[in-house]
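The primary structure of each chain is shown beneath.
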Amino acid sequence: QRAMIAMALACQPRLLLADEPTTALDVTLRAQILDLLSELQRRNGMAVLLITHDLNLVRKFADRVAVMENGHIVEHGDVAGVFANPQHPYTRKLIDSKPVRDIDECPAPGGEPVMQAANMRVAYPIARPGFKGWFGKGEFVAVHAASFTVAPGQTLGVVGESGSGKSTLALAALGLMPHGGDLKVVGKSWGATSAAASHNRGIRRLVQVVFQDPFSSLSPRLTVEEIVGEGLLVHEPGLAVTRRRERVMQALNDVGLGEAQFPGLLSRYPHEFSGGQRQRLAIARALIVNPQLLVLDEPTSALDVTIQKQVLELLQRLQREKGLSYLLITHDVDVIRAMAHDVMVMKDGVIVESGPVGQVLDAPREAYTQRLVAAAA
Ligand SMILES: Nc1ncnc2c1ncn2[C@@H]1O[C@H](COP(=O)(O)OP(=O)(O)OP(=O)(O)O)[C@@H](O)[C@H]1O
Ligand SMILES: [Mg+2]
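Residues numbered from 1 in each chain as written. Chains lettered and ligands numbered in written order. Predicted model: local features only at pLDDT ≥ 70, side-chain atom pairs only at ≥ 80, totals over all residues. Heavy atoms only, no water.

Student: Explain the sheet that holds strand S5 (residues 115-126) to me, please; I cannot follow it from the model alone.
Tutor: Each strand in a sheet pairs with its neighbour through backbone hydrogen bonds, running either in the same direction (parallel) or in the opposite one (antiparallel). Spatial strand order, S6-S5-S8: three strands in an open sheet with antiparallel pairing. In this open sheet, the two edge strands, each paired with only one partner strand, are strand S6 (138-150) and strand S8 (180-185). Taking each pair of neighbouring strands and ignoring which way they run, the sheet shows an average axis angle of 30 degrees. Looking at chain direction, S5 and S8 are connected through five bridges and run antiparallel. Residue pairing across strands places Arg121 opposite Gly180, the latter belonging to S8. (Pairing = 2+ DSSP bridges. Helix = DSSP H or I, 4+ residues; strand = E, 2+ residues; numbered from the N terminus. Axes fitted to C-alpha atoms, helices over the stretch in contact; angles between N-to-C directions.)

Okay, structure coming up:
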C-alpha cells in the first residue's frame, strides 16, 4: 500500500483519490499509512477524496464528510458538525452502529471449563529451501505454546494482526488440525487416529464453528433446510423427518429468520439472502446440534457496520439464553470490548498478553497491546 501511494504521488497530484486505502490492513499499519498520507497532504497541499466505510477513519482524517445511501448523498458538512449533530436518519444509524456491550458479566458458574489448552503448538509442514528439501520437510510453527481456558457461558476473545495465528488456533480448537501439547474440550481430547472417529464425533457436536465469509461458507447448491439440518444427519441420524424439520424451524427461529419474512424459507438457496442473513443461517446451522461452544472466526468482518451490530446483538442474546461459550476471533478491538469476558492478544503465533477485557484493553502491559488499542481508538 505504501508503494501504491508512492506511485500515485510521484507526479505530485493536486487530488488523491483513495478508495478504501486501509481496509485490508491491520490497525497498527493503518495508523502508519494515515500518518504518511496526512504528512504528505500537509507538505504538498494536496486534496484527498477518501472513500471508506470506516467512521473512525473519517473522524480522524477528514475535514468534511458526505454520507451516501443507495446512490444519493443524504448529508454532508464538516466532520465535527455531522458527527455531533447528524440530521439524516441513515447518518444517525451509522453513528449508532458501534457495538454495545450487553452480556452477562458473571454468568452462573457451570462447572468445568468448556475448553482448556496447555502449551498447545500448531505447525504447518513446509518445503525447505534448496538442497535441505532433499532431506525431508520443514515446518512453520503458527501457534507457539498457547495456554487458555474458555469458561462456561463466557466469551474468550482473540485479537491480533493478520498472520498472527488466530485462524490456525481456531482450526486446532475444532480438531481440524493436529496439535502438540494439551487441548481438552469439555474434559476430552481430540483423537488423532482414524479409530477415534466416533469419539471425535461426540466432541464435534459440542464445538461448532461460524466462519468469516458468509458468501463462501454456505454451499450454493443446498437449500436452507439441507444447510441448517446437516448437523442432525450426522449427530442424530435416527431423527424422524418431521422432527428434523421442526428442529430446523426452531434453529431458524432462534436466529430471527422466519416464514413470515421469507415465504418458502426452507427450500430457498443461500444466494437469496443478504450477508447478514447468511451469517444468521450459519449460526442456525451451528446451533441446531445444541453445542456448548461456538468458535467464531471473524464472524462480522465481512458485514457492514449496521449489520455487524445486529449479528453481534444476536450472538449476545443467544449466549444469555443458552449459556453458550464463545471463542471469538477478530481483529476489531471494538468487537472484543462489546463481546468478550476475557481476551488474549496474539502476535507472531505467541500469546503476548491475556486476562479480563477491562484489564487488558484499559491498562495494557505490553507495548504491542498498547499500540493495538491506541490504533483502534
Ligand atoms: N497452509 C499453510 N501452510 C503454511 N503456512 C500457513 C498455512 N496457513 C497459514 N499459514 C501461516 O500461518 C500463520 C498464521 O496464519 P493464520 O491464518 O492463523 O493467521 P490469522 O491470525 O488468522 O490471520 P488473518 O487475521 O489474516 O486471518 C501465517 O504466517 C500464515 O502465513
Ligand atoms: Mg484468520
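Student: In this structure, what is going on with the site of ligand 1? I would like to understand it.
Tutor: As a matter of local geometry, ligand 1 sits amid Tyr124, Phe140, Ala142, Glu161, Ser162, Gly163, Ser164, Gly165, Lys166, Ser167 and Thr168. At 3.4 Å, a side-chain N or O of Tyr124 approaches a nitrogen atom of ligand 1. If ligand 1 stood free it would expose 640 Å²; the protein chains cover 60% of that surface. Ranked by the residues each element gives to the shell around ligand 1, the list is headed by helix H6 (residues 166-173), at three residues. For the shell around ligand 1, the per-class residue count stands at three nonpolar, six polar and two charged. (Near = heavy atom within 4 Å. Polar contact = N/O pair within 3.5 Å; in protein donor to acceptor, adjacent residues only side chain to side chain. Areas by Shrake-Rupley, 256 points an atom, 1.4 Å probe, with all protein chains shown as cover. Nonpolar A, V, L, I, M, F, W, Y, C, P; charged D, E, K, R; others polar.)

Student: How should I be thinking about the sheet that holds strand S11 (residues 325-329) in this particular structure?
Tutor: Ordered by their spatial adjacency, six strands build an open sheet running S9-S10-S11-S7-S12-S13, and the pairing between neighbours is mixed. In this open sheet, the two edge strands, each paired with only one partner strand, are strand S9 (207-210) and strand S13 (350-356). Averaged over neighbouring strand pairs, the angle between their axes works out to 15 degrees when direction is ignored. In terms of strand pairing, strand S10 (residues 293-297) meets S11 through five bridges, oriented parallel. Within S11, the residue paired with Val295 across the bridge is Leu327. On the sheet, helix H7 (residues 197-206) packs against S9 and S10 and is oriented at approximately 55 degrees with respect to S9. Relative to S9, helix H10 (residues 275-287) is tilted by about 170 degrees, and along the sheet it contacts S9 and S10. (Contact = heavy atoms within 4.5 Å.)

Student: Just checking my understanding: could you explain the nonpolar core for this structure?
Tutor: Within the largest apolar cluster, 38 residues are counted, with the highest numbers of intra-cluster contacts made by Val228, Leu252, Leu281, Ile283 and Leu315. Broken down by secondary-structure element, the contributors of at least two residues to this core are helix H8 (224-235), helix H9 (241-254), H10, S10, helix H11 (305-322), S11 and helix H12 (333-339). Filtering out sequence-adjacent residues up to four positions away, Leu252 remains in contact with Val224, Val228, Leu257, Leu265, Leu266, Leu281 and Ala284. Core analysis: the second largest hydrophobic core is formed by 31 residues, Val114, Leu156, Val185 and Leu206 among them. (Core = buried A, V, L, I, M, F, W, Y, C linked by side-chain atoms within 4.5 Å. Buried < 20%, exposed > 50% of the residue type's maximum accessible area, 1.4 Å probe, protein only.)

Student: Teacher, can you tell me more about H9 here?
Tutor: Think of an α-helix as 3.6 residues a turn; residues three or four steps apart then line up on the same face. Between its first and last C-alpha, H9 extends 20 Å over 14 residues, near the 20 Å set by a 1.5 Å rise per residue. By the burial criterion, the buried members of H9 are Arg247, Val248, Ala251, Leu252 and Asp254. End-on, the buried residues of H9 take up no more than an arc of 160 degrees, which puts them together on one face. For H9, the exposed residues set more than 90 degrees away from the buried face come down to Thr242 and Asn253. Two residues or fewer past H9, Gly256 is found with a positive phi of approximately 80 degrees. (Expected span 1.5 Å × (residues − 1). Arc of directions from axis to C-beta.)

Student: So what exactly am I meant to see when it comes to the environment of Glu246 here?
Tutor: With respect to the helices and strands, Glu246 occurs in helix H9. C-alpha of Glu246 to C-alpha of Gly229: the two residues are 17 residues apart in sequence and 9.9 Å apart in space.

Student: For this particular structure, what's the right way to read the pairing of S13?
Tutor: The two faces of the sheet receive side chains in turn, since in a regular strand these alternate between them. Where strand S12 (residues 342-347) lies against S13, six bridges are found, and the strand directions are antiparallel. Note on S13: the bridge partner recorded for Met344 is Ser354.

Student: What should I look at first to understand the domain arrangement of the protein chain in this one?
Tutor: One frequent convention defines the size of an interface as the accessible area lost when the parts assemble. You can read the domains of the protein chain as domain 1 (2-95) and domain 2 (152-177 + 188-376). Using only C-alpha atoms to locate each centre, domain 1 and domain 2 end up separated by 32 Å. On the domain 2 side, the residues contacting the eight residues of domain 1 number nine residues. Carbon and sulfur atoms supply 60% of the area that domain 1 and domain 2 bury against each other, a total of about 890 Å² over both sides. Counting the contacts that link domain 1 with domain 2 gives zero salt bridges. Run the count over domain 1 and domain 2 and you get zero residue pairs in polar contact (both at pLDDT 80 or more). For the side of domain 1 that touches domain 2, the secondary-structure elements that each account for two or more residues are helix H2 (27-44), helix H3 (55-61) and helix H5 (89-95). Sort the elements by how many residues they give to the side of domain 1 that touches domain 2 and H2 lands first, with three residues. (Domains from an automatic or database assignment. Buried area = accessible area lost by both parts, 1.4 Å probe. Salt bridge = Lys/Arg side-chain N within 4 Å of Asp/Glu carboxyl O.)

Student: What is the right way to read the environment of Val48 from this model?
Tutor: As for its position among the elements, Val48 is in strand S2 (residues 47-51). On a C-alpha basis, the gap between Val48 and Ala62 in space is 8.6 Å, while along the polypeptide they are 14 residues apart. Those residues in contact with Val48 that lie beyond four places of it in its chain are Leu15, Leu16, Gln41 and Phe61.

Student: Would you mind showing me how to read helix H14 (residues 367-376) here?
Tutor: Among the residues of H14, those classed as buried are Tyr368, Thr369, Leu372, Val373, Ala375 and Ala376. Within H14, the buried residues cover an arc of 165 degrees as seen down the axis, which keeps them to one side.

Student: Is there a simple way to think about the packing of aromatic side chains in this case?
Tutor: Working definition: an aromatic ring pair is given by the centre-to-centre distance plus the angle between the planes. Considering all chains together, one arrives at one aromatic pair under this definition. Geometrically, the ring pair formed by Phe262 and Phe273 is tilted, given 5.0 Å between the ring centres and 55 degrees between the ring planes. Separated by eleven residues along the polypeptide, Phe262 in the loop between H9 and H10 and Phe273 in the loop between H9 and H10 bring together distant segments of the chain. For Phe262, a relative accessible area of 8% translates into the label buried. Lying across the ring of Tyr368, Lys347 places its NZ or CZ 5.5 Å from the centre. (Phe/Tyr/Trp six-rings, centres within 6.5 Å; stacked < 30°, edge-to-face > 60°. Lys NZ or Arg CZ within 6 Å of the ring centre and 35° of its normal.)

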